[in-house]
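# Observations on the three-dimensional arrangement
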Amino acid sequence: MISVLVDNIGELVTNVAGSGEGGPLGIRRRVAVLVEDGEVAWIGPAADAPAADRRIDAAGAAVLPGFVDSHAHLVFAGDRAAEFAARMAGEPYTGGGIRTTVGATRAASDGELRATVRRLHAEALRQGTTTIEIKSGYGLTVADEARSLRIAAEVSAETTFLGAHVVPAEYAARPDDYVSLVCGPMLAAAAPHARWIDVFCERGAFDADHARAILACGQAMGLGVRVHANQLGPGPGVRLGVELGAASVDHCTHLTDADVDALASTAMDDGQSATVATLLPGAEFSTRSPYPDARRLLDAGVTVALATDCNPGSSYTSSMPFCIALAVREMGMTPAEAVWAATAGGARALRRDDTGVLRPGARADLIILDAPSHLHLAYRPGVPLVRQVLHNGVPR
Ligand SMILES: [Zn+2]
């Protein structure tokens with residue numbers, strides 16, 4: 001594999017705390033980065049840079065770790081643009097539209113689902129996302145959940161079984177039977193293609209007892225735990241996630257003091273919380289709902305990640321820069337906090353230490369901006385600032 005030297009970097013965000021300016025961002029200036037065999041091989045002053053097969057001139061721009069989008073639903077068919085328009089005309093979001101997508105997804109061929117996953121994966125990569133978690137959850141039969149994960153695993157190692165997204169219409173009168181199906185044959189078929197298990201723990205979806213049962217079954221099969229929690233109202237999801245040692249609880253829009261305290265209680269020696277609060281501001285944007293309070297979580301010592309929640313119903317964006325801008329404008333985060341949350345925070349939410357960070361030995365996932373500083377990601381919203389992406393050391 002060829003080596004690549006990214007030279008003439010004006011500002012390098014490493015996310016190695018203490019290695020430079022900017023606290024957790026570990027910003028270094030006027031440096032070069034050598035990547036080899038898919039990994040960062042060397043970082044240092046440009047004047048000392050080793051030889052490489054290829055040189056990329058960053059022309060004084062900012063270079064950051066690639067974005068880590070730790071929450072996305074890319075395996076589906078159809079779109080729900082009309083539902084979005086109706087919502088913007090005043091109809092409330094209830095999550096009921098998920099069943100519309102389930103019908104379309106079941107009817108789609110493997111080839112159609114694969115084309116959508118690949119299109120959205122490529123769209124995210126162009127915008128700087130080098131790691132993306134992909135959930136199932138629009139099949140809701142044994143065969144459709146297994147094929148959703150099989151197709152997702154073709155483009156990402158971070159795949160999540162979300163058979164407990166909603167109770168499908170055919171089980172509406174007997175939700176206990178659906179939970180048994182999810183825990184039994186559906187999990188058995190899904191687990192070989194999944195790293196994680198997730199549940200939509202919300203009124204109208206799965207209550208605490210059902211969610212606990214499903215997540216425990218997944219854990220017993222070796223899957224890590226994530227939870228859709230406290231999106232539409234207060235509820236038991238966040239505390240259940242903490243109880244089960246979840247890597248992440250996602251949405252966190254409606255939190256009580258007890259929820260925040262529970263998350264803060266998972267603090268580790270390095271100052272991060274073992275259970276990350278993953279905030280998904282694209283969902284609040286697209287449902288015209290109040291945003292989660294990131295400031296409150298950060299001030300309590302909770303680790304925050306930002307992700308897109310990319311899905312056809314409630315957040316059809318694959319843009320991490322858009323989420324950064326929303327988090328800064330609407331959620332009380334500083335630009336530095338939002339950039340960290342979209343890179344290192346996402347990696348924490350996936351329990352990864354090889355990405356979301358730029359240090360020798362880390363994966364060579366990095367982005368070169370059309371801007372001199374990471375600040376521009378929030379300062380220039382809606383502008384395509386990602387000039388070039390290196391994914392596994394390969395320039396795209
Ligand atoms: Zn989601």
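Scroll up for the structure.
This section reports on the structure supplied with the text. (Residues numbered from 1 in each chain as written. Predicted model: local features only at pLDDT ≥ 70, side-chain atom pairs only at ≥ 80, totals over all residues. Heavy atoms only, no water.)

All of the protein donors around the zinc ion are H71 (NE2), H73 (NE2), H228 (NE2) and D309 (OD); their distances to the metal are 2.0 to 2.4 Å. Taken together, the four donor atoms coordinating the zinc ion span angles of 84 to 168° at the metal, a pattern that classifies the geometry as irregular. Classification of D309 as buried rests on a relative accessible area of 2%. (Donors = N, O, S within 2.8 Å, 3.2 Å for Na, K, Ca; no water. Tetrahedral: all angles 85-135°; square planar, octahedral: opposite > 155°, others 65-115°. Buried < 20%, exposed > 50% of the residue type's maximum accessible area, 1.4 Å probe, protein only.)

Okay, the state of the cysteines next. Note on terminology: disulfide describes a covalent bond linking the sulfur atoms of two cysteines. Enumeration over the complete set of coordinates arrives at zero disulfides. As a non-bridged cysteine, C217 has C183 as the owner of its nearest cysteine sulfur, 3.1 Å distant. Overall, C217 belongs to the partly exposed group, its relative accessible area being 24%. (Disulfide = S-S within 2.5 Å.)

Our next topic: the environment of L240. Within the element layout of this structure, L240 appears in helix 7 (residues 237-243). Look at L240 and you get buried, because its relative accessible area is 2%. Here the alpha-carbon distance between L240 and D69, two residues 171 residues apart in the chain, equals 23 Å. Not counting residues within four places of it along the chain, the set of residues in contact with L240 comprises A208, A211, R212 and L215. (Helix = DSSP H or I, 4+ residues; strand = E, 2+ residues; numbered from the N terminus. Contact = heavy atoms within 4.5 Å.)

Here the structure, examined in full by the defined rule, presents five aromatic pairs. Summarising the aromatic geometry, the rings of F76 and Y138 are spaced 6.3 Å apart at their centres and angled 75° between planes, so their arrangement reads as edge-to-face. Placement of the pair is F76 in the loop between strand 6 (67-69) and helix 1 (81-88) and Y138 in the loop between strand 8 (134-135) and helix 4 (142-152), with a sequence separation of 62 residues. In this structure F76 comes out as buried when scored by relative accessible area, which is 2%. (Phe/Tyr/Trp six-rings, centres within 6.5 Å; stacked < 30°, edge-to-face > 60°.)

Attention now moves to a negative patch on the surface. Together, E36, D37, E39 and D53 line one region of the surface with negative charge. Position of D37 among the secondary structure elements: in the loop between strand 2 (27-36) and strand 3 (39-45). (Patch = residues over 30% accessible without salt bridge, like charges linked within 9 Å, V, L, I, M, F, W, Y side chains within 5 Å. Areas by Shrake-Rupley, 256 points an atom, 1.4 Å probe, with all protein chains shown as cover. Salt bridge = Lys/Arg side-chain N within 4 Å of Asp/Glu carboxyl O. Lys, Arg positive; Asp, Glu negative; His and termini not counted. Charge placed at Lys NZ, Arg CZ, Asp CG, Glu CD.)

As a further point, take helix 12 (residues 335-349). A rise of 1.5 Å per residue sets the reference length of helix 12, with its 15 residues, at 21 Å; its end C-alpha atoms lie 19 Å apart and thus fit the reference within 8%. Largest kink in helix 12: about 45°, centred on A341. Extensive coverage of helix 12 is indicated by the burial of 11 of its 15 residues. Those residues of helix 12 that sit buried are A338, V339, W340, A341, A342, T343, A344, G345, G346, A347 and A349. (Expected span 1.5 Å × (residues − 1). Bend = angle between axes of the 7 residues up to and from the residue.)

Below, the discussion takes up the pattern of salt bridges. Evaluated as defined, the whole model comprises 27 salt bridges. Between R352 and E158 there is a salt bridge, with the nearest N and O atoms lying 2.5 Å from each other. Residue R352 is located in the loop between helix 12 and strand 15 (366-369), and its partner E158 is located in the loop between helix 4 and strand 9 (159-164); the two are separated by 194 residues in the primary sequence. Summarising the burial analysis for this pair, R352 and E158 share the class buried. When salt bridges with common partners are traced through the structure, they connect D110, D144, R147 and R150 into a single cluster.

The biggest cluster of nonpolar side chains holds 92 residues, and the ones touching the most others in it are F161, Y178, F206, I214, L297, L306 and I324. Looking at this core, the element that brings in the most residues is helix 5 (residues 175-190), giving eight residues. Residues within four places of F206 in sequence aside, it is in contact with A164, H165, V166, V167, Y178, V179, V199, F200, C201 and I214. Residues V4, V35, V40 and I43 belong to the second largest nonpolar core, which totals 18 residues. (Core = buried A, V, L, I, M, F, W, Y, C linked by side-chain atoms within 4.5 Å.)

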